[in-house]
Amino acid sequence: MKTKKVPMRMCTGCGNMFDKRTLVRVVKSPEGEVSLDLTGKKSGRGAYVCKNPDCLKMARKKKAFERAFSVQISEEVYDAMEAEMQNA
């Protein structure tokens, strides 16, 4: 019996590899809007971060999402993502 390959992704905060389903996707929509994608189904370019709020803070400090998406991200967007992550 053949086992199914588990897709692995790197957390942009801590840099560790995890199963894709255990991470939260951050997506840049075709319109250029950056947001959390808790369903993993939004269209656009994605980057992943642990469900740990500290990893989101680390990614924010390193400007990891800005590099991944080649776009400036305002403080309000980061604040909204942190609040949404804590509520989820």
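What comes next concerns the included structure.

Some thoughts on the nonpolar core
Val26, Leu36, Val49, Phe65, Phe69, Met81 and Met85 are the most contacted members of the largest nonpolar core, which totals 20 residues. At the level of elements, strand 3 (24–28), strand 4 (34–37), strand 5 (45–49), helix 1 (53–62), helix 2 (64–69) and helix 3 (75–87) are the ones that each hand at least two residues to this core. Look past the residues within four positions of Val49 in its chain and what remains in contact with it is Cys11, Thr12, Gly13, Leu23, Val24, Val26, Cys55, Leu56, Phe65 and Met85.

Concerning the side chain of Arg60
Summarising the element assignment, Arg60 is placed in helix 1. Exposure remark for Arg60: the relative accessible area of 19% places this residue in the buried category. Within the local environment of Arg60, its side chain forms a polar contact with the side chain of Asp79, the two groups lying 3.0 Å apart. Non-local contacts of Arg60, meaning those with residues more than four positions away in its chain, are made with Glu75, Tyr78, Asp79 and Glu82.

Focus: the layout of surface pockets
In this structure, the largest pocket encloses a volume near 200 Å³. Around the largest pocket sit Pro7, Lys20, Arg21, Leu23, Val24, Arg25, Asp37, Leu38, Thr39, Gly40, Tyr48 and Lys51, which together line it. Of the residues assigned to the lining of the largest pocket, the class counts are five nonpolar, two polar and five charged.

Focus on the packing of helix 1 against helix 3
Closest axis-to-axis distance for the helix 1/helix 3 pair is 10 Å, and the angle between their directions is 165°. With respect to helix 3, the axis of helix 1 lies roughly antiparallel. Pair helix 1 / helix 3 crosses with right-handed handedness. Listed contacts from helix 3 to Pro53, Leu56, Lys57 and Arg60 of helix 1 are Glu75, Tyr78, Asp79, Met81, Glu82, Met85 and Gln86.

Notes on unusual backbone geometry
We note that Lys63 has phi near 55°; this positive angle belongs to a residue other than glycine. Lys63 sits in the partly exposed class, given a relative accessible area of 47%. At Ser70, a position not held by glycine, the phi torsion is positive, near 50°. Note on placement: Ser70 falls in the loop between helix 2 and helix 3.

Basis of the calculations
Residues numbered from 1 in each chain as written. Predicted model: local features only at pLDDT ≥ 70, side-chain atom pairs only at ≥ 80, totals over all residues. Heavy atoms only, no water. Core = buried A, V, L, I, M, F, W, Y, C linked by side-chain atoms within 4.5 Å. Buried < 20%, exposed > 50% of the residue type's maximum accessible area, 1.4 Å probe, protein only. Helix = DSSP H or I, 4+ residues; strand = E, 2+ residues; numbered from the N terminus. Contact = heavy atoms within 4.5 Å. Polar contact = N/O pair within 3.5 Å; in protein donor to acceptor, adjacent residues only side chain to side chain. 1 Å grid on protein atoms, 1.4 Å probe; cavity = no way out; pocket = protein on both sides within 12 Å on 5 of 7 lines; lining within 4 Å. Points joined across faces, edges and corners; volume = space filled by probe spheres on them. Nonpolar A, V, L, I, M, F, W, Y, C, P; charged D, E, K, R; others polar. Axes fitted to C-alpha atoms, helices over the stretch in contact; angles between N-to-C directions. Parallel < 35°, antiparallel > 145°, perpendicular 65-115°, else oblique. Left-handed = near helix turned anticlockwise from the far one by under 90°.

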